[in-house]
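# Descriptive structure summary
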Amino acid sequence: MSTKWNITLVVYRQKGGAAPYYDEFKMEVNPDEYVLDAVERVWAFHDRSLCFAHACHHSTCGACGMRVNGVEKLTCITLIREVTSDGGTMKVEPLRNFPVISDLSVDMGSLFTRMDQIGHRSVLPVSEEPAGEKSPVLPQAQEEEYTRLSDCIECGMCISACPVATTTADYLGPAVLAGAYQHGVNGDMSLISMVDNADGVWRCHHAFECNEVCPSFVDPGTKIMDLRKAVIRERFRGLFGSR
Amino acid sequence: MSKPHVIIIGAGFTGVATAHDLALRGFDVTVVERGPIANGTSGRTHGLLHCGGRYCVKDQESAIECIEENTILRKIVPQVIEPNGGLFIGLNDSDVEYAQDWTAGCEACEIPYKQLTPEEVLALEPNINPEVKIAYLAPDGTFDPLRLAMSFAATAKSNGAKFRLYTSVEKLIIDGKGNVTGVEIEDRTTGERGELHADVVVNATGAWAGEIAEMAGADVPVKPTPGVMVAFDQRFTNLVVNRLNKPGDGDIVLPQRRMVVVGTTSFEVEDVDYIPVIEDHVELMLERGAALIPNIRNSKMRGAYMATRPLIGAGSAGRSVARTFKCFDHQESDSIEGFVTITGGKATTLRVMAEKTSDIVCDKLGIDVKCRTAELPLLSYRQFYAQP
């Protein structure tokens with residue numbers, strides 16, 4: 001027998017240019033369902049006008065990031081019991097720092113454009129992004145190294161959580177800078193010129209909110225610090241020549 | 001002379017692939033999708049780039065389609081694929097006995113395979129069940145479902161296709177002769193309604209194809225057949241692991257990013273808009289997955305979800321229906337002009353499904369342009385959003 005909770009789902013709504021408001025839905029849920037399941041049921045059974053993004057439902061696509069009770073969550077893997085309680089409230093809002101398309105869906109065009117510009121690799125050798133101790137990396141007697149889909153799923157949650165990104169849309173943002181680090185700056189002057197400036201790697205104020213909300217092991221804030229070191233190394237290399 | 005206009009309903013795999021194919025052949029294309037890209041069955045696909053080994057004994061037509069399309073997708077869209085290959089492993093006498101039929105099937109379908117000794121396979125993938133008695137390597141892979149769809153959509157967009165996302169089709173526009181001439185739509189982001197007119201409307205709504213066809217008074221024998229999948233939080237292998245036996249529940253474990261995903265089950269439903277995840281099925285996936293990779297029991301469940309296959313045809317048991325796709329020109333089946341339905345099939349065969357559908361659209365309009373999608377590499381999936 002599964003447990004049932006009664007919760008109030010509070011949903012951010014916005015259509016066209018009209019002012020945003022919140023809708024409330026009283027729902028019976030299983031606390032071991034995911035937040036996205038509850039949102040999808042609102043669409044299926046209560047209100048067909050609700051707009052929200054989702055695709056894979058298991059944390060590989062990155063489409064369903066939302067703010068849940070004020071914190072960025074990948075809603076397809078966030079259990080309802082993690083964010084509310086029986087009789088409690090679950091407030092879902094769109095990610096910040098992106099234009100809202102409608103309701104819970106946002107336009108992440110800026111993120112995708114920048115990820116392409118800095119050359120983040122969507123598939124890369126397993127050894128470059130190892131996946132924990134139980135994960136085999138390199139088989140012997142294998143001619144070609146295995147490759148895998150990258151850790152970063154481009155969910156945009158780090159950009160939503162970033163206090164600096166809120167102050168300027170020009171800031172490349174955590175996912176993009178981490179993407180640049182994954183690509184590797186080694187002598188790549190066009191990449192260095194994209195990140196070594198006031199809207200790039202030096203804009204970060206070390207709040208590390210990005211690390212807190214990242215659902216996919218990227219820890220972008222840590223990568224930004226690593227990228228700074230790499231950029232400094234490149235500057236020295238420029239001064240003294242490479243050895 | 002203006003280009004013929006085709007409206008495609010649905011931005012799942014068949015919709016976006018058909019948009020790409022038709023845009024490349026010079027059509028004016030509009031895709032109408034009630035949600036975001038790939039929000040239905042396509043997005044929730046297991047992610048297995050089939051080599052055909054799963055079907056090569058019972059359904060060789062599907063198996064041949066799979067190996068052909070697998071080979072093409074590796075070339076045209078490598079940016080969304082883990083191309084590492086798959087194992088078919090036998091754990092008991094029944095599996096070992098099945099090996100004979102399986103290797104014969106692979107040969108009949110021209111699926112390359114290689115036998116590995118138990119020692120070799122355990123050296124390659126130390127996390128698989130040490131009881132393994134027999135093992136074969138074949139060219140399976142893993143793809144990211146949303147990014148596969150976005151790659152086709154991005155390329156279609158660069159060739160002029162328009163995407164109306166979050167826009168639902170409220171009605172088909174039907175003329176005095178009963179022919180389909182367009183769609184009545186509602187933009188769900190604004191609530192605005194409107195009409196779009198076209199030379200041909202393609203119903204590419206997969207498990208929902210019966211509902212859209214009904215709007216035209218046509219019948220499409222699609223059987224929505226959901227299955228559950230469970231993701232675990234460790235990447236135990238780099239190769240896909242299949243049970244070497246007749247297809248059954250929970251007999252595929254595939255690596256994806258830092259996870260493995262176990263799937264799947266099979267049952268039938270009537271209403272496909274919301275299907276709850278069945279707890280018993282989740283338990284079954286853990287049990288079956290652990291038979292292939294015992295360590296799955298020591299990992300944490302990361303997500304459980306349900307996807308609804310659009311199986312085609314009459315009959316009852318879900319698994320016995322051929323997985324191949326069908327394209328209906330409703331002129332032939334129902335004397336309705338201007339309306340084509342594509343459904344059935346599987347993710348791996350999205351490109352050829354789109355090719356056949358586009359061929360039918362070309363035939364209907366008397367246009368003779370060859371398909372080029374098998375050779376042309378797709379753009380970065382990110383270009384779907386990067387382009388205005």
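As a convention, each chain's residues are numbered from 1 in the sequence order in which they are written. Think of it this way: whatever chain is written first is A, whatever ligand is written first is 1, and the rest follow in order. Confidence filtering applies because this is a predicted model: local features only for residues at pLDDT of at least 70, side-chain atom pairs given and counted only at 80 or more, and all residues used for totals across whole chains, interfaces and linings.

## A few points about the overall build of chain A
Our working rule: In DSSP terms, a helix is any run of H or I states spanning at least four residues, a strand is any run of E spanning at least two, and both are numbered starting from the N terminus. Exposed residues have 12 or fewer other C-beta atoms within 10 Å of their own C-beta, buried residues have 20 or more, and residues in between are partly exposed; the C-beta atoms are placed from the backbone. We call two residues in contact if the C-beta atoms placed from their backbones are at most 7 Å apart.
Within chain A one finds nine helices and nine strands. Burial analysis of chain A (243 residues in total) assigns 48% to the buried set. Sequence separation of at least 24 residues holds for 63% of the intrachain contacts in chain A that already meet a minimum separation of 6.

## Quick look at the sheet that holds strand 4 (residues 81-82) of chain B
Quick note on the threshold: Here, a strand pair is defined by DSSP locating no fewer than two bridges between the strands.
Strand order in this open sheet of three strands is 3-8-4 (chain B), and the pairing throughout is antiparallel. A strand with exactly one partner marks an edge of an open sheet, and here the two such strands are strand 3 (48-49) and strand 4 of chain B.

## Considering the confidence of the model for chain B
Residue and element names in this part refer to chain B. Counted only if it meets this: Looking at any residue, its pLDDT shows the predictor's confidence there, from 0 to 100.
Scored by pLDDT, chain B comes out at a mean of 94, with 97% of its residues at no less than 70. Here residues 315-322 is a poorly scored stretch, pLDDT under 50, and it has 16 contacts once near neighbours within four places are set aside; other chains count. Confidence estimates for the predicted assembly give a pTM of 0.96 and an ipTM of 0.95.

## Considerations on the pairing of strand 3 (residues 65-68) of chain A
All names here are of chain A. The side-chain alternation of strand 3 yields two buried faces, one formed by Gly65 and Arg67 and the other by Met66 and Val68. In terms of strand pairing, strand 3 meets strand 4 (residues 71-74) through four bridges, oriented antiparallel. Paired with Gly65 across the strands is Leu74, a residue of strand 4. Counting the residues between successive antiparallel strands, the hairpin from strand 3 to strand 4 contains two residues, one of them, Asn69, with a positive phi of roughly 50°. As judged from the two bridges shared by strand 3 and strand 5 (residues 89-93), these two strands associate in the antiparallel manner. Counterpart to Val68 in the pairing with strand 5 is Val92.

## Let's talk about the interface of chain A and chain B
How we decide: Polarity classes work like this: nonpolar for Ala, Val, Leu, Ile, Met, Phe, Trp, Tyr, Cys and Pro, charged for Asp, Glu, Lys and Arg, and polar for all others, with Gly in that last group.
Counting residues at the interface gives 46 residues for chain A, matched by 48 residues for chain B. Per-element accounting of the side of chain A that touches chain B gives the leading share, five residues, to helix 3 (residues 109-117) of chain A. Looking at the side of chain A that touches chain B residue by residue, the classes come out as 22 nonpolar, 17 polar and seven charged.

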